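Spelled out from the first residue to the last, the chains are:
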Amino acid sequence: MAKELPPYTVMVRDLPVHKTFEVPATQVSDWLKGLPMRDALGAPDPDPEAGHGKADLDLYADGTHAFASGTFKGYLTVACSRCVGPVRLELDEKLRVTFMPPGEMPSEDAEPTAAEDGAEVLAEDLDVFAFDGEKIDLEPLFREQFVLAVPYAPLCKESCKGLCPQCGIDRNTGTCTCEKPIDPRLAALKGLKLPS
Ligand SMILES: [Zn+2]
Ligand SMILES: [Zn+2]
């Protein structure tokens, strides 16, 4: 019996092929583990609400390279950077990816190379992944869709009021009577009697 391939792997000998792939919540949960804006949610692990992805791809090869072209749709859930409530981020990306032998991969810090027509090609502009010529592993590509979608400071809404730093109440849904904290250095000065 043929050994079962890992998920998101396609044999080059099976190309060209049109394929769809599902990324379940357990997988999204796992990929986003350790990201502060995920961990801040305090969600169960695995989190059934972590997200979901669906790739719809045309995969083909030209002998030395393989290509994936299509769409990636789905969503993921992260924490709001102010109130820590869940923020749902939608994914709707067009994918155009080239798989090339490791030796041909542009290096990260390479100088931009001037192409024939004078256009500059930067390594980070190319969506390229290494492959061994036998099978394509789409996992790094799918993982990237989720990881790169997480903004530095996600917000549930632009006007999110955040949490009270003293009692922790969500100011979007409640109010508290906490006084604005006085800088302890100023408080000390207040009680100070200045010599006249
Ligand atoms: Zn918020
Ligand atoms: Zn408060």
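Residues numbered from 1 in each chain as written. Chains lettered and ligands numbered in written order. Predicted model: local features only at pLDDT ≥ 70, side-chain atom pairs only at ≥ 80, totals over all residues. Heavy atoms only, no water.

Draft legend 1. Local environment of the coordination of the zinc ion (ligand 1). Ligation of the zinc ion (ligand 1) by protein atoms is provided by Cys80 (SG), Cys83 (SG), Cys156 (SG) and Cys160 (SG), these donors lying 2.3 Å from the ion. Taken together, the four donor atoms surrounding the zinc ion (ligand 1) define angles of 107 to 112 degrees at the centre, an arrangement classified as tetrahedral. Between consecutive donors of the zinc ion (ligand 1), the numbers of intervening residues give the motif C-x2-C-x72-C-x3-C. Of this pair, Cys83 sits in the loop between strand E4 (66–79) and strand E5 (86–100) while Cys156 sits in the loop between helix H3 (139–147) and helix H4 (184–190), and the two are 73 residues apart along the sequence. The class of Cys83 is buried, set by a relative accessible area of 10%. (Donors = N, O, S within 2.8 Å, 3.2 Å for Na, K, Ca; no water. Tetrahedral: all angles 85-135°; square planar, octahedral: opposite > 155°, others 65-115°. Helix = DSSP H or I, 4+ residues; strand = E, 2+ residues; numbered from the N terminus. Buried < 20%, exposed > 50% of the residue type's maximum accessible area, 1.4 Å probe, protein only.)

Draft legend 2. The arrangement of the packing of aromatic side chains in detail. Counted according to the given criterion, the structure contains nine aromatic pairs. Judged by centre distance (5.6 Å) and plane angle (85 degrees), the rings of Phe72 and Phe146 are edge-to-face. With Phe72 in strand E4 and Phe146 in helix H3, the pair connects residues that are 74 residues apart, well separated along the chain. Overall, Phe72 belongs to the buried group, its relative accessible area being 0%. On the accessibility criterion, Phe146 (0% relative accessible area) is buried. Measuring from centroid to centroid gives 6.4 Å for Phe99 and Phe131, while their planes differ by 65 degrees, and the two rings are edge-to-face. (Phe/Tyr/Trp six-rings, centres within 6.5 Å; stacked < 30°, edge-to-face > 60°.)

Draft legend 3. Representation of the pairing of strand E3 (residues 51–61) within the structure. Of the strand pairs in this sheet, strand E2 (residues 17–23) and E3 are connected by seven bridges, and their pairing is antiparallel. Along E3, the bridge assignment pairs Thr20 with Asp56. Note that E3 and E4 share 11 bridges and pair antiparallel. Of the residues in E4, the one forming a bridge with Asp56 is Thr71. (Pairing = 2+ DSSP bridges.)

Draft legend 4. Fine view of the coordination of the zinc ion (ligand 2). Within the first shell, the zinc ion (ligand 2) binds the protein through Cys164 (SG), Cys167 (SG), Cys176 (SG) and Cys178 (SG), at distances of 2.3 to 2.4 Å. Read from N- to C-terminus, the donor residues coordinating the zinc ion (ligand 2) fall into the pattern C-x2-C-x8-C-x1-C. In this pair, Cys164 is assigned in the loop between H3 and H4 and Cys176 in the loop between H3 and H4, connecting sequence segments 12 residues apart. Residue Cys164 is classed as buried on the basis of its relative accessible area, which comes to 3%.

Draft legend 5. Seen up close, the nonpolar core. One finds Leu138 and Phe142 to be the most contacted residues of the largest nonpolar core, which totals 38 residues. Of all elements in the fold, only E2, helix H1 (25–31), E3, E4, E5 and H3 reach the threshold of two or more residues within this core. Sequence-distant contacts of Phe142, that is, excluding residues within four places in its chain, are made with Tyr8, Phe21, Val23, Trp31, Ala55, Leu57 and Phe72. (Core = buried A, V, L, I, M, F, W, Y, C linked by side-chain atoms within 4.5 Å. Contact = heavy atoms within 4.5 Å.)

Draft legend 6. Quick peek at the sheet that holds strand E8 (residues 128–130). Within the open sheet, the five strands sit side by side as E2-E3-E4-E5-E8. Their pairing is mixed. Across the chains shown, the open sheet's two edge strands, defined by having one partner strand only, are E2 and E8. The average undirected angle you get between the axes of adjacent strands in this sheet is 30 degrees. Pairing between E4 and E5: 14 bridges, direction antiparallel. Note that in E5 the partner of Ser69 across the bridge is Arg96. On top of the sheet, H3 reaches E2, E3, E4, E5 and E8; it is set at about 145 degrees to E5, its chief contact. (Axes fitted to C-alpha atoms, helices over the stretch in contact; angles between N-to-C directions.)

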